[in-house]
Amino acid sequence: MVIPLIKRLVLLIMLGGLLYGFILAMNDLELVYNDFGKEYFLLNGLRETGSLNLVTGIYLDYRLFDSLFEAGILLIAVSGVMWISQHKIQEKNASFMLDKQKTPELFIIFSRLLYPIMLVFGFYVIINGHLSPGGGFQGGAIVATAILILYYIDITKTIDVKLILTIEKILFMALVLIGALSFVTTGHPFTNFIRQPEYQAIYLMTLNVLIGVKVALGLTAIFTAFLKEGR
Amino acid sequence: MNPILTFIIILIGFYGLATSKNIIKSVFCVTIMETGIILLFLNLGNLEGGMIPILDRLGIAIVDPIPQALMITTIVIGSTITSLALMLCIKIFHHFGSIEWKVVLKREDKS
């Protein structure tokens, strides 16, 4: 009875020490953070990347190497979820979770109305990623949500998970190849491979569409794996 | 918001991770820590009255775009980590019949 109390007290004292160190570090904020980078991107960002949205310009041009590994981590996580959730017994369908009797009719009708609007909005967010708020990752999540609504409309629909995983591998290879293409044209790997400022948006739109489709398929595959797991 | 308040959120997640008895609660605490880290980074790049970093109007003050580009990475990776951990939780429940840390560790020693 006493020993857990002492353990918690020691833990609280250690966390208080961490907080004290953080407050000391926050006193000289100039050592932790400065806005030289912001000034540089404000002056040169549009000229060097051709993207009005500076966040898209950073994660598709200056830090493309980082984004490639992020897409790779998504691919690894999807294959990991698939591998952990594999079954010895063959499941026939995922209809036990979404019972047609329990789902209200109003919900199904409104899902039918909402589904195409969400799909179009997701593609709008993906394609306009370099002009307005949005991009491949956010739009891909919206498209995945629109695909998941299909489960409410028609339960008998099945998704081939192996095919989704194959498509994702091909998309990842395409991402790496397009990123490495700039080594031929400009001499620096993993930047924009188009030199002319008027046509640089083509590169940004292509990469945004590839990343968006990849994120949407990955989230759909994870949802399907969880749906098969419930019993 | 103050950066110190966001650091307190991270510490709350750390405390829960050290003291929770349920595996699902541990996964929630990892998510809480991740939320605190996202808020901390966005606070560091914040500017009072700044606009979003989109250059469609001239002469506006913008917030820092670098923490936002970093945090997109964190959000996507956090969702994948949560899904992997929850799938492992389901497998642990099917194998050991419980998701309490103590019961699982005891049954693992026996087998």
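See the structure above.
Parameters and conventions
Residues numbered from 1 in each chain as written. Chains lettered and ligands numbered in written order. Predicted model: local features only at pLDDT ≥ 70, side-chain atom pairs only at ≥ 80, totals over all residues. Heavy atoms only, no water. Helix = DSSP H or I, 4+ residues; strand = E, 2+ residues; numbered from the N terminus. Buried < 20%, exposed > 50% of the residue type's maximum accessible area, 1.4 Å probe, protein only. Areas by Shrake-Rupley, 256 points an atom, 1.4 Å probe, with all protein chains shown as cover. Phe/Tyr/Trp six-rings, centres within 6.5 Å; stacked < 30°, edge-to-face > 60°. Axes fitted to C-alpha atoms, helices over the stretch in contact; angles between N-to-C directions. Parallel < 35°, antiparallel > 145°, perpendicular 65-115°, else oblique. Left-handed = near helix turned anticlockwise from the far one by under 90°. Contact = heavy atoms within 4.5 Å. Nonpolar A, V, L, I, M, F, W, Y, C, P; charged D, E, K, R; others polar. Buried area = accessible area lost by both parts, 1.4 Å probe. Salt bridge = Lys/Arg side-chain N within 4 Å of Asp/Glu carboxyl O. Polar contact = N/O pair within 3.5 Å; in protein donor to acceptor, adjacent residues only side chain to side chain. Core = buried A, V, L, I, M, F, W, Y, C linked by side-chain atoms within 4.5 Å.

(A) Seen up close, the overall build of chain A. Helix and strand content of chain A: 10 helices and 0 strands. In chain A, the succession of helices and strands from N to C terminus is α-α-α-α-α-α-α-α-α-α. Principal-axis analysis of the C-alpha atoms gives chain A an extent of 65 × 60 × 35 Å. The buried share of chain A, taken over its 231 residues, is 39%. Surface summary for chain A: the accessible area is close to 13,700 Å², and the carbon and sulfur share equals 72%.

(B) Main features of the packing of aromatic side chains. For the structure shown, the criterion picks out 7 aromatic pairs over all chains. Considering the side-chain rings of F22 of chain A and F7 of chain B, the 4.0 Å spacing of their centres and the 5° angle between planes classify their relative orientation as stacked. One end of the pair, F22 of chain A, is in helix α1 (residues 2-27); the other, F7 of chain B, is in helix α1 (residues 3-19), on a second chain. Across the pair, exposure class does not vary: F22 of chain A and F7 of chain B are buried alike.

(C) Layout of the packing of helix α4 (residues 54-62) of chain A against helix α3 (residues 65-96) of chain B. Orientation of α4 of chain A relative to α3 of chain B, taken along the N-to-C sense of each, is 60°, at an axis distance of 9 Å. As far as their axial angle goes, α3 of chain B and α4 of chain A are oblique. Both α4 of chain A and α3 of chain B take part in a crossing whose hand is right-handed. Side by side, α4 of chain A and α3 of chain B meet where L54, V55, I58 and Y59 of chain A of the first sit next to P65, I66, Q68, A69 and I72 of chain B of the second. Per-class residue counts for the contact of α4 of chain A with α3 of chain B are 8 nonpolar, 1 polar and no charged.

(D) Seen up close, the interface of chain A and chain B. With 43 residues of chain A at the interface, the matching set in chain B holds 39 residues. Carbon and sulfur atoms supply 81% of the area buried between chain A and chain B, which totals about 3,800 Å² over both sides. Seen at the junction of chain A and chain B, the total is 0 salt bridges. Where chain A touches chain B, the interface holds 5 residue pairs in polar contact (both at pLDDT 80 or more).

(E) Local environment of the nonpolar core. If you look at the biggest cluster of nonpolar residues, it comprises 28 residues, and the most contacted ones within it are L60, F137, L175, Y203 and L207 of chain A. Counting only elements with at least two residues in this core, the list comes to α4, α5 (64-84), α8 (161-180) and α10 (200-229) of chain A together with α3 of chain B. With 6 residues, α10 of chain A is the largest single contributor of residues to this core. Once you skip the residues sitting within four places of it in the chain, L207 of chain A turns out to touch L60, L64, L175 and I178 of chain A. Counting 12 residues, the second largest nonpolar core, distinct from the first, contains V81, V161, L165 and L217 of chain A.

(F) Just the pattern of salt bridges, in detail. Residue and element names in this part refer to chain A. For the structure shown, the criterion picks out 2 salt bridges over all chains. Across the pair D66 and R63 runs a salt bridge, and its minimum N-O distance is 2.9 Å. Residue class for D66 comes out partly exposed when judged on its relative accessible area of 29%. Linking E168 and K214 is a salt bridge whose minimum nitrogen-to-oxygen distance equals 3.1 Å. Taken together, the residues E168 in helix α8 and K214 in helix α10 connect sequence positions 46 residues apart.

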